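Descriptive analysis of the structure
Listed below, chain by chain, are the residues.
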Amino acid sequence: MKKSLPILLLTAAVPLVAVLPLPDFWIAQLNYIGLYALVCLGLVLLTGVGGLTSFGQAAFVGVGAYSTAWLTLNTGMSPWLTVFVGLALTTVSALLVGAITLRMSGHYLPLATIAWGLSLYFLMGNLDALGKYDGLLGLKSLSIAGVDIGQGRLFFVLCWAILIAGSVAMLNLLDSRPGRAIRSLKVGSQMAEAMGISTLRYKITIFVIAALFASVAGWLLAHFQRTVNPSAFGLKMGIEYLFMTVIGGVGYVWGAIVGAGLVKLLDDYLQVALPALIGTSGSYEVIVFGIALVLVLKYLPDGLWSMVARKLPRAPRAVNWQHAPDLPVRSKPVLGDTVLHVEKIRKQFGGLTAVNDISFEIHAGEIVGLIGPNGAGKSTTFNLVTGVLSKTSGAVTFRGEDITALSSRDISRKGMARTFQHVKMIADMTVLENVTLGAYTRGKQGVLSSMLRLNGREEQSLMKEAQRQLERIGMGAYLHEQAGNLPMGPQRLMEIARALCCDPALLLLDEPAAGLRHKEKQALAQVLRQLQTEGMSILLVEHDMDLVMDVCDQLVVMEFGTLLTRGTPAEVQANPAVRAAYLGTEH
Ligand code: ADP
Ligand code: MG
């Protein structure tokens, strides 16, 4: 309901507008709005959802426009074919720009897209074959079986049909396995990688998708205007596309249309009104837009559509996956087998040895606690085991396999799941959706099948598994709650459910009781004990001594990066060195 209402309204409005006796001027305006919105749609995915800023979208519009212009004029190829050539060229150039820049930290992308936008502008403006700054003239209008659909009302229907189809595909994508992975990019790569997601691959993917939307818009624009020249594809337009998207609501698919519409109409109005007001001609609208952007970013950072989105009903997804097939499960270690073997791992930060030749083992069905005063090296040990940090020396074996040199992503795929000391989740997704992220590696539907909604069965299986894991730890009542609205306790439990969704052979929890109230701690202890009776092996890094002494079978005590002692909770409690360490440094 939440997303189909605007689709229904739009789908009904397009034919209606086409037959209404609107002046041609307004149809032309709507055509431009549709074209711009198509570019903005790509930016919603790239910038709003994925958190990557691009000023270079106009350049991709140019690639699409010039491809079809040159090919139709010089080879006589049909525009219905040239669109695919344009898409191919766009894919290649986006892959190239993306692969080079997306590996670097986030700030390089905006700069690189500016450079890319500028260089393509000058390339288009200086190539003889592309007509230099005059561009290419005399393109044919689009037609089907001799009927001209490249202008006026028929073009309006074509353009907006593509826009609506693109919006639906985007909504489908965002509400899918790859879509949730894309939505997780914004909270940093650590959580996504720990769920087995290749964040680089998805960054490149959304960069290419956004470029493809721009390219289609360029193809349409070229045949609509019947001429192409570089000025429409320069940096100024690139900035304007971003501006439209931000004003409309960069996180919302419908924000693209709202933003494109508003900016186009306002632009035309101001271009006439402002010079008249001021008395001299000039591009004063640029100043107004600059001020407007600052105001929007300050007072309405989520854009205009966010006000509408808040009012729309948020109906929960129908619970109809009870009969979906179960996801594949991995073979589990036999009770008592060695699951994890840590051999003299060491981590040096410059001169500081944060972890000094620590060794320990975890057997299947055991809860092992890793404790020690603040700064003892617990989190660093945790990160060495899970592959987040590289080891200075030492080895880690997981289920008999050497995982010392593997990345956190590959380790997670082998069945080691973790939670985070500071909860990492996607606040605007439901609890159920957040938890499905944990089952990412157990599904395989990709971007295209998700856009086309061919992923239904797998989605049901993923949801069913997420629900099962949430119910397993007593969170069945929170399925459709917005994750960001949960109190700390349920948030931490949600992270455990998410980790369980990856069907782990070993669960690593980093301070799961931090920030919990007494009651919540008791509930957590109950969950841990229950998981243990179900055969789960757990490594628990924890500050709370009562909890640790209560649930752990074995304890590993660290101090200043070194191993102080190992043993059962009773042995450790009786150890004078442990008492000294805690009394000496903590109290
Ligand atoms: P714990 O989790 O037991 O409180 P940590 O593993 O976080 O301890 O830290 C152990 C020691 O390593 C501390 O002295 C900390 O300051 C240092 N340390 C942790 N991470 C880094 C880092 N990335 N760079 C430099 N020093 C670090
Ligand atoms: Mg820590």
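Residues numbered from 1 in each chain as written. Chains lettered and ligands numbered in written order. Predicted model: local features only at pLDDT ≥ 70, side-chain atom pairs only at ≥ 80, totals over all residues. Heavy atoms only, no water.

1. Some thoughts on the domain arrangement of the chain
- Domain boundaries assigned for the chain yield domain 1 (4-311), domain 2 (334-415 + 504-587) and domain 3 (427-501).
- Placing the centre of domain 2 and that of domain 3 at their C-alpha centroids yields a distance of 26 Å.
- Facing the 17 residues of domain 2 at the interface are 11 residues of domain 3.
- With both sides pooled, the region where domain 2 packs onto domain 3 buries about 1,100 Å², and carbon together with sulfur makes up 67% of that total. (Domains from an automatic or database assignment. Contact = heavy atoms within 4.5 Å. Buried area = accessible area lost by both parts, 1.4 Å probe.)

2. Brief notes about helix α4 (residues 79-101)
- Helix length check: α4, at 23 residues, gives a terminal C-alpha distance of 32 Å against a target of 33 Å (1.5 Å per residue), a fit within 8%.
- Residues Pro79, Thr82, Val83, Gly86, Thr90, Ser93, Ala94, Val97, Gly98 and Thr101 constitute the buried set of α4.
- The N-cap residue of α4 is Ser78: its side-chain oxygen and the backbone nitrogen of Trp80 are 3.0 Å apart. (Helix = DSSP H or I, 4+ residues; strand = E, 2+ residues; numbered from the N terminus. Expected span 1.5 Å × (residues − 1). Buried < 20%, exposed > 50% of the residue type's maximum accessible area, 1.4 Å probe, protein only. Polar contact = N/O pair within 3.5 Å; in protein donor to acceptor, adjacent residues only side chain to side chain.)

3. Considering helix α14 (residues 378-386)
- Taken across its nine residues, α14 has eight buried, putting it largely inside the fold.
- Within the sequence span of α14, burial applies to Lys378, Thr380, Thr381, Phe382, Asn383, Leu384, Val385 and Thr386.
- Downstream of α14 by a residue or two, Gly387 has a phi angle that is positive, lying close to 85°.

4. Observations concerning the sheet that holds strand β8 (residues 393-398)
- Ordered by their spatial adjacency, four strands build an open sheet running β6-β5-β8-β9, and the pairing between neighbours is antiparallel. On the outer flanks of this sheet lie β6 (352-363) and β9 (401-402), each paired with one strand and no other.
- In the sheet, strand β5 (residues 338-349) pairs with β8 via five bridges, with the strands oriented antiparallel. Following the sheet pairing, Glu343 is matched in β8 by Ala395.
- Lying over the sheet, α14 contacts β5 and β6, oriented at roughly 120° with respect to β5. (Pairing = 2+ DSSP bridges. Axes fitted to C-alpha atoms, helices over the stretch in contact; angles between N-to-C directions.)

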